[in-house]
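Spelled out, the chains give:
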Amino acid sequence: MTTRQIKRAVYAGSFDPPTNGHLWMIRTAQALFDELVVAIGENPDKRSTYSIEEREEMLEALTAEFPHVTISTMRNRFLVEYAQSIDADYIIRGIRTASDYEYERSMRYINSDLHPEISTFFLMPPREFAEVSSTMVKGLVGPKNWQEVIRRYVPDAVYEKILQDHERKKHTS
């Protein structure tokens, strides 16, 4: 009797905040693998708007419909080292632009040097998500009618969180 190996993948990012593009990546990747770990990375060179715990809460809400998706955090580690530590055989990366491709291609080769048994899968989101980033979404908050503008770029749970935080900041300023 042969035992089938579980196909586990990891999709990492800052998710500050999660966008519709991130949700597309998660939805697509979870359909391809038996298990998907969504790992929130902490970049010491970036100042985050949302805490790790807030990002975890948003991602938990976004992924509740996917029973084989778990949310995790990854601090001060190379992604490939994290993937190896959780027995993931695959890393999922999104490609939105030519510069993303060049960067991710280089990282794929470095990751392969470190752990050749871990494969990288590139997913290219549809056009409507290609220009959407967490940084772009955060930059849209504030001007008149900003709520209508960002509504199309983030999932419901994230939209509600951004609205609540904006209101709270408005009242504490």
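Residues numbered from 1 in each chain as written. Predicted model: local features only at pLDDT ≥ 70, side-chain atom pairs only at ≥ 80, totals over all residues. Heavy atoms only, no water.

Chemist: Lay out the nonpolar core in plain terms, naming residues and giving numbers.
Modeler: Formed by 31 residues in total, the largest nonpolar core has its most connected members in Ile26, Leu36, Val38, Leu59 and Ile92. Of all hydrophobic cores here, the second largest spans twelve residues; its members include Val10, Met74, Leu79 and Ala88. (Core = buried A, V, L, I, M, F, W, Y, C linked by side-chain atoms within 4.5 Å. Buried < 20%, exposed > 50% of the residue type's maximum accessible area, 1.4 Å probe, protein only.)

Chemist: Could you give an account of helix 1 (residues 20-32), with specific residues and numbers?
Modeler: With 13 residues, helix 1 extends 19 Å between its outermost C-alpha atoms, agreeing within 8% with the 18 Å of an ideal straight helix rising 1.5 Å per residue. Turning to helix 1, its buried residues are Asn20, Gly21, His22, Leu23, Met25, Ile26, Ala29 and Gln30. Backbone nitrogen of Gly21 and a side-chain oxygen of the N-cap are separated by 3.2 Å at the start of helix 1; the cap is Thr19. (Helix = DSSP H or I, 4+ residues; strand = E, 2+ residues; numbered from the N terminus. Expected span 1.5 Å × (residues − 1). Polar contact = N/O pair within 3.5 Å; in protein donor to acceptor, adjacent residues only side chain to side chain.)

Chemist: Mind laying out a nonpolar patch on the surface, listing which residues take part and the relevant values?
Modeler: Taken together, the side chains of Phe78, Ile110 and Leu114 make up a nonpolar region of the molecular surface, amounting to roughly 310 Å² of accessible area. Tracing the sequence through the fold places Leu114 in helix 4 (residues 98-114). (Patch = residues over 30% accessible without salt bridge, like charges linked within 9 Å, V, L, I, M, F, W, Y side chains within 5 Å. Areas by Shrake-Rupley, 256 points an atom, 1.4 Å probe, with all protein chains shown as cover. Salt bridge = Lys/Arg side-chain N within 4 Å of Asp/Glu carboxyl O.)

Chemist: Please provide a residue-by-residue account of the sheet that holds strand 5 (residues 119-123), values included.
Modeler: Taken together, the five strands give an open sheet; going across it, the order is 3-2-1-4-5, and neighbouring strands pair in parallel fashion. In this open sheet, the two edge strands, each paired with only one partner strand, are strand 3 (69-75) and strand 5. This sheet shows a mean twist of 30 degrees between the axes of neighbouring strands, independent of strand direction. Relative to strand 5, strand 4 (residues 90-94) runs parallel, the two being bridged by five bridges. Bridge pairing in strand 5 links Ile91 to Thr120. Here helix 1 sits on the sheet and contacts strand 1 (8-13), strand 2 (35-42), strand 3, strand 4 and strand 5; the angle it forms with strand 5, its principal contact strand, is near 130 degrees. Contacts from helix 4 reach strand 4 and strand 5 within the one sheet, and its direction differs from that of strand 5 by about 165 degrees. (Pairing = 2+ DSSP bridges. Axes fitted to C-alpha atoms, helices over the stretch in contact; angles between N-to-C directions. Contact = heavy atoms within 4.5 Å.)

Chemist: Requested: an account of the side chain of Asp100, with residues and values cited.
Modeler: As for its placement among the helices and strands, Asp100 is situated in helix 4. From its side chain, Asp100 meets the backbone nitrogen of Arg96 in a polar contact 3.0 Å long. Beyond its immediate sequence surroundings of up to four residues, Asp100 is in contact with Gly94 and Ile95.

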